[in-house]
Structures are given as structure tokens and as C-alpha cells.
Amino acid sequence: MSNIKLVLTRKDITMQQEITPIPVRPWTLNGLSERLIVSHYENNYGGAVRTLNAVRRELAGLEAGAPGYRIRALKREELTAMGSVALHELYFANLGGEGNKIPDQIRAVLEEHFGSVSAWRREFVGAAQSLAGGSGWVLLTYSRRDRRLWNQIAFDHSQAAVDAAPVLALDMYEHAYHLDFGANATAYIDAFMRNVDWAAVTGRLAAVSADRSLPHEDPSDKSLPSLSVEELSAQLAKGERVQVLDARPRHHISRVTDLMEGAIWRDPDRVEEWIGELSTDEPVAVYCAYGFHVGCNVTKALRERGFDARYIRGGVSAWYAAGGARAMRPAGG
Ligand SMILES: [Fe+2]
């Protein structure tokens, strides 16, 4: 008999969902603004993660004999939030490409399953347009059950098909486009199609066709020590001393009025001017806007000078998405 013990912590039991750093560089999209994408990520995706965690805490805390209506309501909310989290992660990670450049490999698959690429596109875009003014998701989905691709509409976050894996997700909730396009869903759908990252679709399709799970699409730099926003939050809650450094570029910080509570902003281009202010006795947590490179570069510079520095995966945007506290930025700093 195996003597391996399965030890579950409270966190395991409640299956707390962590925020995934935004996978797309939101300032690079063609006709979709940074403001729109970041608002969508922090408020709607972040909101779904926070709801899911709250619902799971409630489920874990239910007493034996809890009324059926309470269990049903919570399980319904859990399913909806799980769908929203998963679909939003797919959505952000399938943006950032050149939508018109469909790789030959995907062209061949679309031709096989839909007759032609234009027939696939006509049905996919038509399904999206049918949701204008309403809400839902349009998904290019691989049905494991039928071993084929098909386009589906999910009328809410919980309607993804049984035994199928979405390989391309289009969010048709108004929050996905209203800031940029008002009620003009057609212009939004055009912009989405221009920005589809077919490399992401290819990777997903390769995985599900081979009966593997969808790839983990976290863009974080694994070569450098880092911490998640949840880990930082837990450290701060325990009263551990951490120097939190906001290293967003001057051109970015000049457009915002707030920063992570407890952080200080320092210009990432002038490390030598302020590095002497930091204590060598306490770890440093460095963040930038989204965690792509600025925070990493400052972290590298600090580590080279002997500091115990880590960068915060997903940057301040992930912190806000997780519901982290924000403070007003002092004038000039
Ligand atoms: Fe959304």
C-alpha cells in the first residue's frame, strides 16, 4: 500500500483562482485602444476572478444541511464565473497578431472543416453580428467528441460546448467594445478579426487535436525571480517588510494618477540616481504597467547590485485586477 499522504491545505480545498498576467501587449493592437483592453482586463476579467474566489470561499464554508436553493445559487455562480475567467483568458491571449495572415496549416484545417476559409469567416463573423446589442461569446471550438472544428455561440459564460475546447474566443459583451466603438459592434468585430493571433490558435489546436490540455498562456519571464500579486498580497498581509517599487516609464506614469498602495515611483531610466535610497536588508518587489519588460529590466539592474529583487508578474494591472488597493500618486513622485 502506498504510504504517500495527500495533504490538502485550505487553499487547495477552496481552489483559489489566481489572476493570469495580461498576455497581450495592450498598447500594440490595431484599432483596439489600450484603455479599452485594460479596463476589460482589470474590471471584467478581474471581477470574474474575484467573484469566483468569493463564491468558492462561501461554498467551502457552507454548513452541513445548507438549503438546496443556497447550494444551487452558489454552484450556478461558480459555473458562470469559471466560464468567464477561462473565456477571458483565451480572448486576451488570442489578440496581438496579424489577423489577415492565416498560417497555411490553419487554412488547410478551416478548408477541411468549413469548405473554405471565407466560409468559416462568414459564419464566425455572422454569428458575432447576430449578438450585436446583446451579449455572449463566439467561439471557434474543437469538439473532441466529434473530432472536428465548429463555430458556436455561447449565450452566456457557462455555455461552452460539452467536451470541446475553444481555440478562438470573441467576446461579444458590450463591455468588450463600448468604450471604443459605442454601439458599433460591426466595427469592433472588424478590429477583432484584424488582431487575431493565429499563432495562439495554432498552438491550441495542436494541443487539443493531440488530446492535450490547452497551453498555459502566461507571458511572464521565467528566467528572472518573480512573485504573483497574490503572493505579494499575502506577504503584506502578514506584515512582512517589502519595498514595493513602481518602475513604470515616465511617459506612462504621467498619464495616471494612482499607484499600488504602499509603493514609491522611481524613474526606470535613472536607476543610478535613486538606488542608494533602497535598503539592502529588505526584499524589493518591482512592478511596471503589465509586467512585460520594464519591471524586469529594473529587477535585473537591482539584482546585479546585490538586492533581493523580484518583479511582480502582470504588473500593477494584475494587482488592480485582483482587487489590490490603489493610492493617489504624490505630485512629482
Ligand atoms: Fe468580457
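Residues numbered from 1 in each chain as written. Predicted model: local features only at pLDDT ≥ 70, side-chain atom pairs only at ≥ 80, totals over all residues.

### A closer look at helix H7 (residues 185-194)
Three or more residues of H7 are buried, namely Ala-185, Tyr-188, Ile-189, Ala-191 and Phe-192. Summarising the axial view, the buried residues of H7 lie within an arc of 160 degrees, below the 170-degree limit, and thus occupy one face. Its buried side turned inward, H7 meets helix H5 (117-129), strand E3 (164-171) and helix H6 (178-181). (Buried ≥ 20, exposed ≤ 12 C-beta atoms within 10 Å, placed from the backbone. Helix = DSSP H or I, 4+ residues; strand = E, 2+ residues; numbered from the N terminus. Arc of directions from axis to C-beta. Contact = placed C-beta atoms within 7 Å.)

### Thoughts on unusual backbone geometry
Of note, the phi angle at Arg-147 is positive, near 55 degrees, even though the residue is not glycine. Within the element layout of this structure, Arg-147 appears in the loop between strand E1 (137-143) and strand E2 (148-154). Of note in the backbone geometry, Asp-211 takes a positive phi value of approximately 60 degrees without being a glycine. Within the element layout of this structure, Asp-211 appears in the loop between helix H8 (198-209) and strand E4 (226-227). On the neighbour-count criterion, Asp-211 (7 C-beta atoms within 10 Å) is exposed.

### Focus on the packing of H5 against H7
It is the contact of H5 with H7, at a shortest axis distance of 10 Å, that shows an interaxial angle of 145 degrees. Viewed along their axes, H5 and H7 form a crossing whose handedness is right-handed. Between H5 and H7, the residues in contact are Val-125, Ala-128 and Gln-129 and Ala-185, Thr-186, Ile-189 and Met-193, respectively. For the contact of H5 with H7, the per-class residue count stands at 5 nonpolar, 2 polar and no charged. (Axes fitted to C-alpha atoms, helices over the stretch in contact; angles between N-to-C directions. Left-handed = near helix turned anticlockwise from the far one by under 90°. Nonpolar A, V, L, I, M, F, W, Y, C, P; charged D, E, K, R; others polar.)

### Here's the deal with the sheet that holds E2
Spatially, 3 strands are ordered E2-E1-E3 in an open sheet, and the strand pairing comes out antiparallel. Taken across any chain shown, the strands that pair with only one partner, and hence form the sheet edges, are E2 and E3. Adjacent strand axes in the sheet meet at a mean angle of 25 degrees, parallel and antiparallel pairs treated alike. Pairing geometry for E1 and E2, over 7 bridges, is antiparallel. Residue pairing in the sheet places Tyr-142 in a bridge with Leu-149 of E2. (Pairing = 2+ DSSP bridges.)

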